Amino acid sequence: MKEQIREVNRVEMTFDNNPENERIGRVMASAFAAALNPTMEELSDFKTAVSEAVTNAIIHAYPAGRGDILMIFERERDIVRVHIQDWGVGIADIRQSMEPLYTTWKSGERSGMGFTFMEAFTDRVEVKSEPGKGTTVSLTKKMGGVQWNRPVN
């Protein structure tokens, strides 16, 4: 019997927008990306970017209360990708929201640097959003250069 090689791996998880769940998303991102044998810097950068995206969803998506956040992890060859999706208030002006220091929080509690960090620490950031329907942030990063292949039983 010939072995089949699975070149793409995918994992999904959904959690409440509870602030303590940010660390679960960050740890899951680290564990998922670790199979690519990344450098410590690559892994740290990816975890920081994921942390920023998850934190944005937790803080901004559901200002009136509870809501779900979906994370979809995909890994193929030396590329890891994560999609962070919510069904919250959405972003009215994506371009403006991605400007350094821009924040909708007038209290001064937020720095407005989340998207800037995501862009600095990944190879690609994509944002799709519709007011009243939610937001998806997709982060892509090449890591390690080692292909993850595992026989499928």
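This text follows the structure it describes.
Since the model is a prediction, treat every value here as computed from it, not as a measurement.

A. Broad picture of the packing of aromatic side chains. In the structure shown here, the tally under the stated rule is two aromatic pairs. Centroid distance F117 to F121: 6.2 Å. Interplanar angle 15°. Geometry classified as stacked. Of the two residues, F117 and F121 both sit in helix 4 (residues 114-121), four residues apart, roughly one turn of that helix. You can call F117 partly exposed: its relative accessible area is 32%.

B. Looking closely at unusual backbone geometry. The backbone of N37 shows a phi angle near 55°, a positive value even though the residue is not glycine. Counting through the fold element by element, N37 comes out in the loop between helix 1 (22-33) and helix 2 (40-60). In this model, R77 sits at a positive phi of 50°, which is unusual for a non-glycine residue.

C. Inspection of the sheet that holds strand 2 (residues 8-16) at higher detail. Across the sheet, five strands lie side by side as 2-3-4-6-5; this open sheet has antiparallel pairing. Unpaired on one side and paired on the other, strand 2 and strand 5 (124-130) mark the two borders of the sheet. The sheet shows a mean angle of 10° between the axes of neighbouring strands, taken without regard to direction. Sheet strands touched by helix 2: strand 2, strand 3 (68-76), strand 4 (79-86) and strand 6 (134-142). Its angle to strand 6, the strand with the most contacts, is close to 180°.

D. Structural view of the nonpolar core. Counting 28 residues, the largest nonpolar core has M71, I84 and L139 as the members making the most contacts within it. Secondary structure elements with two or more residues in this core: strand 2, helix 1, helix 2, strand 3, strand 4, helix 4, strand 5 and strand 6. If we skip the residues at most four places from it in the chain, I84 touches A53, V54, A57, I69, L70, M71, T135, T136, V137 and L139.

E. Region of the structure containing helix 1. In a regular helix each residue adds 1.5 Å, so twelve residues correspond to 16 Å; helix 1 covers 17 Å between its end C-alpha atoms and thus fits that length. Where helix 1 is concerned, the buried positions are E22, G25, A29, S30, F32 and A33. Residues of helix 1 that are buried make contact with strand 2, helix 2, strand 3 and strand 4.

F. Structural detail: helix 4. Buried within helix 4 we find G114, F115 and M118. Angularly, the buried residues of helix 4 cover 95° about the axis, an arc narrow enough to put them on a single face.

G. Fine view of the pairing of strand 4. In this structure, strand 3 lies alongside strand 4, joined through eight bridges in antiparallel fashion. Looking at strand 4, one finds that R75 is bridged to V80. The turn linking strand 3 back onto strand 4 is made up of two residues, and R77 within it adopts a positive phi angle of 50°. As defined by bridge partners, strand 4 adjoins strand 6 across eight bridges and the pair is classed as antiparallel.

H. Representation of the side chain of D45 in the model. With respect to the element layout, D45 can be found in helix 2. Buried and unpaired, D45 has K141 as its nearest opposite-charge partner, separated by 4.3 Å. D45 has contacts with F121 and K141, leaving out every residue within four places of it along the chain.

Conventions and cut-offs
Residues numbered from 1 in each chain as written. Predicted model: local features only at pLDDT ≥ 70, side-chain atom pairs only at ≥ 80, totals over all residues. Heavy atoms only, no water. Phe/Tyr/Trp six-rings, centres within 6.5 Å; stacked < 30°, edge-to-face > 60°. Helix = DSSP H or I, 4+ residues; strand = E, 2+ residues; numbered from the N terminus. Buried < 20%, exposed > 50% of the residue type's maximum accessible area, 1.4 Å probe, protein only. Pairing = 2+ DSSP bridges. Axes fitted to C-alpha atoms, helices over the stretch in contact; angles between N-to-C directions. Contact = heavy atoms within 4.5 Å. Core = buried A, V, L, I, M, F, W, Y, C linked by side-chain atoms within 4.5 Å. Expected span 1.5 Å × (residues − 1). Arc of directions from axis to C-beta. Lys, Arg positive; Asp, Glu negative; His and termini not counted. Salt bridge = Lys/Arg side-chain N within 4 Å of Asp/Glu carboxyl O.

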